[in-house]
Structures are given as C-alpha cells and as structure tokens.
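Listed here are the chains, written in short residue letters.
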Amino acid sequence: MSAFVLVVDDNEDNLLIIRDILRTRGFEVQLAHDGPTALQSIEERRPDLVLLDLMMPQMDGFEFLERLRANPRHAALPVILVTARSQDDDLLAGYKGGADYYITKPFTPRQLLHGIGLVLGSGAAD
Ligand SMILES: [Mg+2]
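Conventions adopted
- Residues numbered from 1 in each chain as written.
- Predicted model: local features only at pLDDT ≥ 70, side-chain atom pairs only at ≥ 80, totals over all residues.
- Helix = DSSP H or I, 4+ residues; strand = E, 2+ residues; numbered from the N terminus.
- Buried ≥ 20, exposed ≤ 12 C-beta atoms within 10 Å, placed from the backbone.
- Contact = placed C-beta atoms within 7 Å.
- Pairing = 2+ DSSP bridges.
- Right-handed = clockwise from strand over helix to strand, strands pointing away.
- Core = buried A, V, L, I, M, F, W, Y, C linked by C-beta atoms within 7 Å.
- Axes fitted to C-alpha atoms, helices over the stretch in contact; angles between N-to-C directions.
- Parallel < 35°, antiparallel > 145°, perpendicular 65-115°, else oblique.
- Left-handed = near helix turned anticlockwise from the far one by under 90°.

K.L.:
What am I meant to see in the overall build of the protein chain here?
P.N.:
Each helix and strand counted, the protein chain has five helices and five strands in total. Counting from the amino terminus, the protein chain carries its helices and strands in the arrangement β-α-β-α-β-α-β-α-β-α. Viewed in the frame of its principal axes, the protein chain has a C-alpha envelope of about 35 × 30 × 25 Å. Evaluated residue by residue, the protein chain yields a buried proportion of 29% over its 126 residues. Counted over contacts in the protein chain with a minimum sequence separation of 6, partners at least 24 positions apart contribute 55%.

K.L.:
Whenever I open this one, the pairing of strand E1 (residues 4-8) confuses me. Can you help?
P.N.:
Moving residue by residue along a regular strand, the side chains alternate between the two faces of the sheet. The buried fraction of E1 amounts to four of the five residues, a majority that puts the element mostly inside the structure. Two strands pair when backbone bridges link them, and E1 and strand E2 (residues 28-32) are joined in this way by five bridges, in the parallel orientation. The partner of Val8 across the bridge, within E2, is Ala32. Between E1 and its parallel partner E2, the chain crosses via helix H1 (residues 12-24), and the hand of that crossover is right-handed. Pairing geometry for E1 and strand E3 (residues 49-52), over four bridges, is parallel.

K.L.:
Looking at this model, I keep getting lost on the nonpolar core. Mind explaining?
P.N.:
Across soluble globular proteins, nonpolar side chains show a tendency to be buried alongside one another. Membership of the largest hydrophobic core comes to 27 residues, with the highest contact counts inside it found for Leu6, Val8, Leu51, Leu52 and Ile80. Where this core is concerned, the elements lending two or more residues are E1, H1, helix H2 (35-44), E3, helix H3 (61-70), strand E4 (79-83) and helix H5 (109-120). Once residues within four sequence positions are removed from consideration, Leu51 is found in contact with Val5, Val7, Val8, Ile18, Ile80 and Val82.

K.L.:
Help me out: how do you make sense of the packing of H2 against H3 in this one?
P.N.:
Relative placement of two packed helices is described by the angle separating their axes and the distance separating the axes. One can describe the packing of H2 onto H3 by two numbers: an axis separation of 10 Å at closest approach and a directional angle of 25 degrees. The pairing of H2 with H3 is recorded here as roughly parallel in orientation. Where H2 crosses over H3, the handedness of that crossing is right-handed. Two secondary-structure elements touch here, H2 through Gly35, Ala38 and Leu39 and H3 through Glu63, Phe64, Arg67 and Leu68.

K.L.:
Can you walk me through the environment of Thr24 in this structure?
P.N.:
Mapped onto the secondary structure, Thr24 falls in helix H1. Judged by local crowding, Thr24 falls into the exposed class, with 10 C-beta atoms found within 10 Å. The spatial distance from the C-alpha of Thr24 to the C-alpha of Asn71 is 32 Å, given a sequence separation of 47 residues.

K.L.:
Teacher, can you tell me more about the pairing of E4 here?
P.N.:
Taken across its five residues, E4 has five buried, putting it largely inside the fold. The pairing of E3 with E4 spans three bridges and is parallel. Directly across from Leu51, in E4, lies its bridge partner Ile80. Note on the crossover from E3 through H3 to E4: the handedness is right-handed.

Laid out in structure tokens, this is it:
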C-alpha cells in the first residue's frame, strides 16, 4: 500500500525517525513541525492518516484535533496520537477529542506500523 501520512511533531528527531520507518514501508510522508503548519498542509493535500504529537508549543495536539474535527471535511480523517503522555486522562481526552488510536513513546517500528495497519484497516503492519 502507499498511503499518504502527515506526521506532526515539534521534535525534529521524532519526525525523522517516523519518516524513515514509514518510508521503508512504502508510505508517502509529509512532515510538519507545528499544528498550524499541519492544518495548512491538510488543506493543500488531504492525507490518509495523521500521526500527531500531543505536547507541542503554540498549538498542542488536543487543540489541533479539536480544530481538525470542527471541519466537517476532516471529521473522519484518521488520527493516531504518538506521545510520551500515557496517563489515563490523556488517553481518554485523546479519544474524546476524536483520536482513532494511541501509541506511546518510546515505540518500536513494529508497534507503530501495527497501529497504522489497524487504523487504515490494512495489513500494512507486521
Ligand atoms: Mg512534542
């Protein structure tokens, strides 16, 4: 498969790690360092999936998700939270905000790909 994935994270290393994992599996990848840039990117070309960091300055992942879901065109766009925050409250807030899945940092490539496979409904994972 060759899904188009938008990765949103304020940490450059995280962006590059995820990009490399996805590219080796044939995904097309777009990177965004912050929420506003990501929202603009989505308007320019709608991804099949968004991998979203929660802790970002300026606009955090929850606000990004809220803004994204407020747009009817993107209400059903699959979003996976990829975050170091693993408290129950964060997880529940993420799901209530419309996230489809939740991956905790640090993760293995296999965990990431498995989550993507689940959300995209394909055997893209392991
Ligand atoms: Mg962050």
